[in-house]
Structure formats: C-alpha cells, structure tokens
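Tertiary structure, described
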Amino acid sequence: MPEVTTIDPAPLRNAVRGEVIAPDDAGYDAARQAFNLMVDQRPGAIVKVADADDAAAVVRFAREQGKRVAPQRTGHNAGPLGSLEDTILVKMDALNEVSIDAEARSARVGGGAQWQDLVPQASGMGLAALHGSAPDIGIAGYTLGGGMGWYARKLGLAANSVTAIEVVTGTGQLVRADVQNEPELFWALRGGGGNFGVVTALEFELYPIDSVYAGVLFFAYEKSSEVLHAWRRWVDEVPDEVTSVGRMLQFPPFEEIPEPMRGQSFSAVEAACLMPEDDAAALLAPLRELGPAMDTFATVPPEVLSHLHMDPPMPVPYLSAHELLADAPAEAIDAIVEAVGPGTGSPLLSVELRHTGGALERVGDGHGALARVPGSFLAFGVGATPEPPAAAAVEQSLVKLSEALAPHACGRYLNFVEEAYDLEVVFGDDLERLRAAKGKYDPDGVMHANHPVTTTP
Ligand SMILES: Cc1cc2nc3c(=O)[nH]c(=O)nc-3n(C[C@H](O)[C@H](O)[C@H](O)COP(=O)(O)OP(=O)(O)OC[C@H]3O[C@@H](n4cnc5c(N)ncnc54)[C@H](O)[C@@H]3O)c2cc1C
C-alpha cells in the first residue's frame, strides 16, 4: 500500500464522541471504501462523526492543524476528490435521522441520511421527495450538487426545493442558512456542494403525489436504433409531467440481477408520468406499438421510482462518461448507436439519454447557485471494470461515446461528473459569487469538496 501520512488520531479522539480511524487501524480499509471501487481513497484520518458537535470539533481541529476536511456519506462521487493527503475524511453516516411533517409537506433530514431513509416513509403518507435514480445516495451530497430525479421536468432540481440548511462552516461555526439567515451561504450551498462546510441537516419541501404511472418498456437490443429514434421523436410531444430515459442496457450475468434480465441486453424506455393512467397510456401508445418484450408500466406509489432505473445496489468498479446535450437530433442518435450500440462489441452496461428541459431549464424564483441545467438531454455511459483488460475496453468505448456526443455537448451536470472539471463552464459569472462565499465561509480552504471552489481562479 502506498505511503499515507497519518494525521495524529489522539487529539481527534479527545475532541469527538464518534470513532476516529487512523491508516494503521484495522477498520481503515472498510471505512475508506468509496462506491466506485476504482477510487482508492487514502485519507490521513477518518472520523465517523456522532453529531453536529463532532463535525464542528473536526473542522476546528483541521483549521488549527492546517489540515483539510472532506465530508462524505456514500462515496458516490468520490472520484473527483483526488488526493486525500493531509485530509480528514468525515463520514456522515450516523446523522441519518429523518422527520416528516405531513401537514406542512416538509422534511428534515440529517446530513448523513440517504434517500432510502426518507422516500418509503414519505410515500406511505402520499408525499414524494425530489430523489434521484438510486435509493442509496446521500440526500445532502445529491441535493448540494443540484439533484435531478424522476419529477425533474415538472418540479426542477432538488436544491431549489430546499428551505433551510444547517452547516458547520469552514470556520467551525454551526449556522442555519435560509432565505432570511445567511442568505448568501444558503444560495452557495444549493449547487455549490460541500465547499463551504459540513452540512448537518437539511429541510425541504415534499410534494402531494400519492401515485405515478411509471415503468420500463424493454425491447430487443437489436432494435436500439429504432427505439431510441422513436423515443427521441416522442419526447417532443410530452408535457413536463413526463420525465423519461431512452437507453441501451447490457446486464452482466451476476446473481444479484433478476432472472429475466440477468446476462441479457435490451434497448429500453423508462418514464414517470404525473397524470392519470389513461392519459399516460394514450401518450405511451406509439412506443408500445414498437412491440416491447417486457412492459412494467403500472400506477405505483412514489417509492417504486427509487428502483425504476435499476442502479447497482452495492459498490462496483466502473468508468463513466457524461455530457449535457443542447439537443439530440436524429444524427446524434445514429452516432451513439453506431459508436456503442448493437454489433459494436461495446462492453458498456448502460448508455442512456435522460430527457431534461422543462423546469430544469427554467430559472425559478429564489434559486440557488445551480439555477438551471442547460440543454435538453443528459447523456451518461458506464461500464464495469473488474480488472485492467476490461478497463481498457470500457475506456475505448467511452471515448467513442464521447466523440459521438461532442457535436451536441453544451456543458456538464456536476453530480454526474466523476473527474475534475472546469467550474466556469457550469456556473459562468456566478463562479465569482461562489468564490466570494468561499472567502467568507471557508477563508482558510479547510473544506475539500469533490468539485472544489477556490477563492482565486
Ligand atoms: C449509481 C448512481 C446513480 C445516480 N443517480 C443520480 C440521479 O438520478 N440524479 C442526480 O442528480 N445524481 C445522481 N447521481 C449522482 C449523485 O447525486 C452524486 O454522486 C452525489 O454527489 C452523491 O452524493 P453522496 O453523498 O451519496 O456521495 P459522496 O461521494 O458521499 O458525496 C459527494 C460530495 O457531496 C458533498 N457532501 C456529501 N455529504 C455532505 C455533507 N453532509 N456536508 C457537506 N458536503 C457533503 C461532499 O463534497 C462530497 O464530496 C448518481 C450517482 C450514482 C453513482
């Protein structure tokens, strides 16, 4: 194992109630594991904070000692963090409390809660949260990066439904940020990520949705071109109540994958329709005419949407590529299928286009640092890389996919960016405003976020 410079755990152990793990402790390897097994995190120390006071104590310790703090829940976006030299990895898992005020249609969650801690409970009360495609994602990390889910075209980014955030800033103060208190911090956190402090609690709106017409149409893989072209034409006709995905899927032969899918390949259309079943069925008719091999659409409670996209429920080694697309004209669909579709030998597990636009593209009142997501589609490709030869083939296919997407690319959405990226492309002129917030709330650069904002260019 490469050298790791240990941060002395003794004073940290005196300062916090939670567990402190040093590089030579037995639990180090388990505690430093990210969701993507390709990411090899080696922090100088790990603190599993027990509460908000612990988070404040770690930040103050780091500040005094000239170290950095990297808050993390699931490690779903650990790739861009880079070296964790001189860094304390703060694991937020214990702050997983969730409370729902059904009457006020609002939720309060700890800074370490996952969507699966909230969504089923809210669903049982006829309420929906703006969660994403995987139930095991951290609510804080997802929301601070924007948060784009199955209701996104109608209800926008999760960040813009947040009403208050409690955070230990880079100066070690626990503050509550909302429209009245610390409004600039409140703005910066909602899109600017973990750059300003350790978030210990979030409050946000829930929506009165007790059922959704949602499901997947699975088609023969060989029909990918026909299906993706038909889906692309179809999205021009749907209202903002429909958020959908067109994709090509090659399921690996793993036991965890249910029998009809295991080891099989498909083209597919997934959709969530916020409308009565009859209206949604009428909309879907032209896609059903293409003859799906399986059709799982039904009227379901909101919690079912957590599983619609079939994201892997356990850590896996993978590489990915992503672009936002201004549009996906017919020639883009052709280029994607020719690059990584049937007959190309592509090993990619999934190549997907998420239909964006709608509320995602509109700038609403009182928005945060990520006001909108440009473009009409989000493209994402991913391949599993269990060993180096597989990684080389996946990398090659991702390059081909990126080349096919390039003529239509219009930026990236940071939650899907798994490497370092130019934040000016994402925030434009607002990057200066984020830098000013960084200077105020984390002047010493204690906070180490996955997509770092610095006080100077
Ligand atoms: C399988 C999969 C499916 C996904 N689906 C979607 C989707 O549908 N929609 C979408 O928008 N995104 C999606 N994402 C992206 C996901 O939202 C980001 O990876 C997000 O950063 C994950 O947050 P996390 O806390 O789980 O991950 P982590 O890697 O634990 O956190 C990411 C970053 O968030 C910040 N952070 C986390 N917790 C805190 C905290 N308490 N205080 C301060 N900062 C904190 C830190 O800067 C940290 O580096 C998906 C990712 C994967 C791998």
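Keep in mind it's a predicted model, so treat the numbers as computed, not measured.

When helices and strands are counted, the chain shows 13 helices and 17 strands. Here the chain has a C-alpha radius of gyration of 22 Å; the compact-globule value for 457 residues is 23 Å, and the two agree. Dimensions of the chain, computed from C-alpha atoms along their principal axes, come out at roughly 65 × 55 × 40 Å. Of the contacts formed within the chain by residues at least 6 apart in sequence, a portion of 74% connects residues at least 24 apart. Taken as a whole, the chain presents about 18,000 Å² of accessible surface, with 50% of it coming from carbon and sulfur. The distance from the centre of the 32 positive side-chain charges to the centre of the 63 negative ones in the chain is 3 Å.

By secondary structure assignment, the location of P183 is in helix α7 (residues 183-192). For P183, a relative accessible area of 44% corresponds to the partly exposed category. Between the C-alpha atoms of P183 and T171, which are 12 residues apart in sequence, the distance is 17 Å.

Before going further, it helps to spend a moment on the sheet that holds strand β1 (residues 19-21). With mixed pairing, 4 strands are arranged side by side in an open sheet as β1-β2-β4-β3. The open sheet has two edge strands with one neighbour each: β1 and β3 (68-72). Taking each pair of neighbouring strands and ignoring which way they run, the sheet shows an average axis angle of 20°.

With that settled, the discussion passes to the sheet that holds strand β6 (residues 106-110). The antiparallel open sheet is built from 5 strands, whose spatial order is β5-β6-β9-β7-β8. The open sheet terminates on both sides in strands that have one partner only, identified here as β5 (98-101) and β8 (174-177). Taken pair by pair, the neighbouring strands of this sheet meet at an average axis angle of 15°, ignoring direction. Across the sheet, helix α3 (residues 52-65) lies against β7 (162-169), β8 and β9 (197-205), angled at about 45° from β7, the strand it touches most. Packed onto the sheet, helix α4 (residues 115-124) meets β5, β6 and β9 and runs at close to 30° relative to β5.

On inspection of all chains with the given rule, the structure shows 9 aromatic pairs. Pairing F218 with F266 gives two aromatic rings, centres 5.1 Å apart and planes at 65°, and the pair type is edge-to-face. Of this pair, F218 sits in strand β10 (residues 212-220) while F266 sits in strand β12 (residues 265-273); the two residues are 48 residues apart in sequence, bridging distant segments of the chain. With a relative accessible area of 1%, F218 lands in the buried category. Under the relative-accessibility criterion, F266 is labelled buried at 7%. On the numbers, 5.7 Å between centres and 70° between planes, the contact of W231 with F377 is edge-to-face. Pair noted here: W231 is in helix α8 (residues 224-235) and F377 is in strand β17 (residues 377-384), with a separation of 146 residues, a long-range link. Exposure class is identical for W231 and F377. Each is buried. Among the aromatic side chains, those forming a connected cluster through ring pairs are W115, Y142 and F204. When the ring centre of F186 is taken as reference, the NZ or CZ atom of R190 above it lies at 3.8 Å.

This part covers the site of the ligand. Taken together, 33 residues are adjacent to the ligand, and T74, S133, G138, M148 and Y413 come closest. At a separation of 3.1 Å, a nitrogen atom of the ligand approaches a polar backbone atom of G111. Within the contact set of the ligand, an oxygen atom lies 3.5 Å away from a backbone nitrogen or oxygen of Y142. When the ligand is considered free in solution it has 950 Å² of accessible area, and contact with the protein chains removes 96% of it.

Let's shift gears to the pattern of salt bridges. This model, assessed by the stated rule, comprises 30 salt bridges. We note a salt bridge from K154 to E241, for which the minimum N-O separation is 2.9 Å. Here K154, found in helix α6 (residues 152-155), pairs with E241, found in the loop between α8 and β11 (242-250); they are 87 residues apart in sequence, far enough to count as distant. Through salt bridges with shared partners, a single ionic network connects R108, E166, R176, D178 and E203.

A few words now on the nonpolar core. With 79 residues, the main nonpolar core has L118 and F204 as its most contacted residues. Ranked by residue count, the leading element in this core is α7, at 5 residues. Discounting chain neighbours no more than four positions away, the residues touching L118 are V98, I100, A107, V109, A129, I139, F204 and L206. Of all hydrophobic cores here, the second largest spans 41 residues; its members include W234, L353, A404 and L405.

Right, let's talk about the packing of α7 against helix α13 (residues 430-441) for a bit. Where α7 meets α13, the closest approach of the two axes is 10 Å, and the angle between their N-to-C directions is 115°. Judged by the sense of rotation from one axis to the other, the crossing of α7 with α13 is left-handed. Together, E184, L185, W187, A188 and G192 of α7 and D430, R433, L434, A437 and Y441 of α13 make up the contact between the two elements. The residue inventory of the contact of α7 with α13, partitioned by class, reads 6 nonpolar, 1 polar and 3 charged.

Rules used throughout
- Residues numbered from 1 in each chain as written.
- Predicted model: local features only at pLDDT ≥ 70, side-chain atom pairs only at ≥ 80, totals over all residues.
- Heavy atoms only, no water.
- Helix = DSSP H or I, 4+ residues; strand = E, 2+ residues; numbered from the N terminus.
- Rg over C-alpha atoms; globule rule 2.2 N^0.38 Å.
- Contact = heavy atoms within 4.5 Å.
- Areas by Shrake-Rupley, 256 points an atom, 1.4 Å probe, with all protein chains shown as cover.
- Lys, Arg positive; Asp, Glu negative; His and termini not counted.
- Charge placed at Lys NZ, Arg CZ, Asp CG, Glu CD.
- Buried < 20%, exposed > 50% of the residue type's maximum accessible area, 1.4 Å probe, protein only.
- Pairing = 2+ DSSP bridges.
- Axes fitted to C-alpha atoms, helices over the stretch in contact; angles between N-to-C directions.
- Phe/Tyr/Trp six-rings, centres within 6.5 Å; stacked < 30°, edge-to-face > 60°.
- Lys NZ or Arg CZ within 6 Å of the ring centre and 35° of its normal.
- Near = heavy atom within 4 Å.
- Polar contact = N/O pair within 3.5 Å; in protein donor to acceptor, adjacent residues only side chain to side chain.
- Salt bridge = Lys/Arg side-chain N within 4 Å of Asp/Glu carboxyl O.
- Core = buried A, V, L, I, M, F, W, Y, C linked by side-chain atoms within 4.5 Å.
- Left-handed = near helix turned anticlockwise from the far one by under 90°.
- Nonpolar A, V, L, I, M, F, W, Y, C, P; charged D, E, K, R; others polar.

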